[in-house]
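The chain contents come next:
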Amino acid sequence: MKILVTGGAGYIASHTIVLLVQQGYEIVALDNLSNSSKICIDRVKELTGNGIAFYREDCRDKKALDKIFSKERIDAVIHFAGLKAVGESVKVPLQYYSNNLISSINLLEVMEQHNVKNIVFSSSATVYGMPKKLPLKEDSPTAAINPYGATKLMIENIMKDTYNADNDWHMIMLRYFNPVGAHPSGKIGEDPKGVPNNLMPYIAQVATGKLEQLSIYGNDYPTPDGTGIRDYIHVMDLAQGHIKALEKLPDAGYEVYNLGTGIGYSVLQMVQAFERASGKKINYKFAPRRAGDAAECYASSAKAEKELGFKATLSLDEMCADLWRWQTLNPKGYK
């Protein structure tokens, strides 16, 4: 079975490709490398020992997509490609709407033209906005509160409408919670451009001395230690979730699944776990709450466990140990 992986040089996509190849899938990877590195694809090839067809193309280029589908006999698509930083999306919303929506519409149109109607979409827990009730279930209200989350929700709706118009499609939306960690080899991991947007890469760079200290936004939330609580999932568990989704795809119409652990950890708990893994002291300071940050956010993963047979198995300590290995072996990322 041949899978097209868009955004294939990205953080979650690269780890997913490694598992896909190990499971016997043929992979065609596509990435414009605007926020990633070709070195990542080279490392994936090293880890798998298999040739991966790689195209440096943009999903907004419909002609390029058509050429790939004409040349390769694609059976299904995992659509990771897209801009992904919440803070940046607030500053440049048009860039996010243009990139993420046009990419996805083009992809669906080309898939339809080539009669490839199997897709797993990389969505996000940001579609839920400020949670009113926890844990978050797939039928919880959606109300994205930033442009990034809004694009994910819009793409879900575009796909749902596409399925409603043509039931020959098989579509699975995977709503990720907070991916953490790296491949246990330390060869691939998260390589944020500039100052990291996410908590754990930021902590890792404080541990190496690259950044001076961590700012913890809010220590007066109604949580046990006053800091915000989130659902963190190891990137390798997340990758496994995509394997399970692909296996389910032939029996799926349009389905939505949360991928998380169902366990919430506070910012201070994450700091302490990383200190254990690294043996380093993490300098931090408290700062005022950020607008739009929820006190708590974690998943119910019951539906994924029941219907996909998916359950996260890697612990918080394993997340931190693998992240630290990646950070120490690659202090400058893929550079």
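Residues numbered from 1 in each chain as written. Predicted model: local features only at pLDDT ≥ 70, side-chain atom pairs only at ≥ 80, totals over all residues. Heavy atoms only, no water.

The next point concerns the sheet that holds strand β9 (residues 229–230). Spatially, the 3 strands line up as an open sheet ordered β12-β9-β14, and their pairing is mixed. The open sheet has two edge strands, β12 (265–266) and β14 (296–297), and neither has a second partner. With 2 bridges joining them, β9 and β14 adopt parallel strand pairing. Bridge pairing in β14 places I229 opposite E296. (Pairing = 2+ DSSP bridges. Helix = DSSP H or I, 4+ residues; strand = E, 2+ residues; numbered from the N terminus.)

Our next topic: the side chain of S301. Here S301 lies in the loop between β14 and α10 (302–307). With a relative accessible area of 14%, S301 lands in the buried category. Ignoring anything within four residues of it in the chain, the contact list for S301 reads G260, T261 and G262. (Buried < 20%, exposed > 50% of the residue type's maximum accessible area, 1.4 Å probe, protein only. Contact = heavy atoms within 4.5 Å.)

This part takes up helix α3 (residues 62–71). Those residues of α3 that sit buried are A64, L65, I68 and F69. Buried residues along α3 cover an arc of 135° about the axis, so they all sit on one side. Facing away from the buried side of α3, by more than 90 degrees, are the exposed residues K63, K67, S70 and K71. N-cap assignment for α3: the residue whose side-chain oxygen lies 3.2 Å from the backbone N of K63 is D61. (Arc of directions from axis to C-beta. Polar contact = N/O pair within 3.5 Å; in protein donor to acceptor, adjacent residues only side chain to side chain.)

I27, M200, L246 and F274 are the most contacted members of the largest nonpolar core, which has 71 residues in total. Every residue in contact with F274, bar those within four places of it in the chain, is listed here: M200, I203, A204, A207, G279, I282, C320, L323 and W324. (Core = buried A, V, L, I, M, F, W, Y, C linked by side-chain atoms within 4.5 Å.)

This next bit is on the packing of α3 against helix α5 (residues 93–113). Two numbers describe how α3 lies on α5: the axes approach to 10 Å, and their chain directions differ by 35°. Classified by chirality, the crossing of α5 by α3 is right-handed. From α3, K62, L65, D66 and F69 reach across to α5, where they touch N106, L107, E109, V110, M111 and Q113. Among the residues making up the contact of α3 with α5, the classes are represented as 5 nonpolar, 2 polar and 3 charged. (Axes fitted to C-alpha atoms, helices over the stretch in contact; angles between N-to-C directions. Left-handed = near helix turned anticlockwise from the far one by under 90°. Nonpolar A, V, L, I, M, F, W, Y, C, P; charged D, E, K, R; others polar.)

It is at 8 Å that the axes of helix α1 (residues 11–22) and helix α8 (residues 235–248) come closest, and there the two elements cross at 60°. Between α1 and α8, the angle falls in the class oblique. For the pair α1 and α8, the sense of crossing is right-handed. Across the interface between the two elements, Y11, I12, H15, T16, L19 and L20 from α1 touch V235, M236, L238, A239, Q240, H242, I243 and L246 from α8. By residue class, the composition of the contact of α1 with α8 is 10 nonpolar, 4 polar and no charged. (Parallel < 35°, antiparallel > 145°, perpendicular 65-115°, else oblique.)

A cis amide bond links L134 to the next residue, P135, at an omega of 0°. With respect to the helices and strands, P135 occurs in the loop between β5 (118–124) and α6 (147–165). One non-glycine residue, L33, adopts positive backbone phi at about 60°. Relative to the helices and strands, L33 resides in the loop between β2 (26–30) and α2 (38–48). Backbone geometry places N115, a non-glycine residue, at a positive phi of 55°. Relative to the helices and strands, N115 is located in the loop between α5 and β5.

Looking now at the sheet that holds β5. Spatially, the 7 strands line up as an open sheet ordered β3-β2-β1-β4-β5-β6-β11, and their pairing is parallel. Unpaired on one side and paired on the other, β3 (53–55) and β11 (254–259) mark the two borders of the sheet. In this sheet, adjacent strand axes meet at a mean angle of 20° when their direction is disregarded. Looking at chain direction, strand β4 (residues 76–79) and β5 are connected through 3 bridges and run parallel. When the sheet's bridge partners are listed, V77 is paired in β5 with I119. Sitting on the sheet, α8 touches β1 (2–6), β4, β5, β6 (170–176) and β11, and the angle it makes with β6 is about 160°.

All right, on to α6 then. Its 19 residues give α6 an end-to-end C-alpha distance of 27 Å, which sits within 8% of 27 Å, the value for a rise of 1.5 Å per residue. For α6, the full list of buried residues reads P147, Y148, G149, A150, T151, K152, L153, I155, E156, M159, T162 and Y163. In this structure, the buried side of α6 is in contact with β4, α4 (86–91), α5, β5, β6 and β11. (Expected span 1.5 Å × (residues − 1).)

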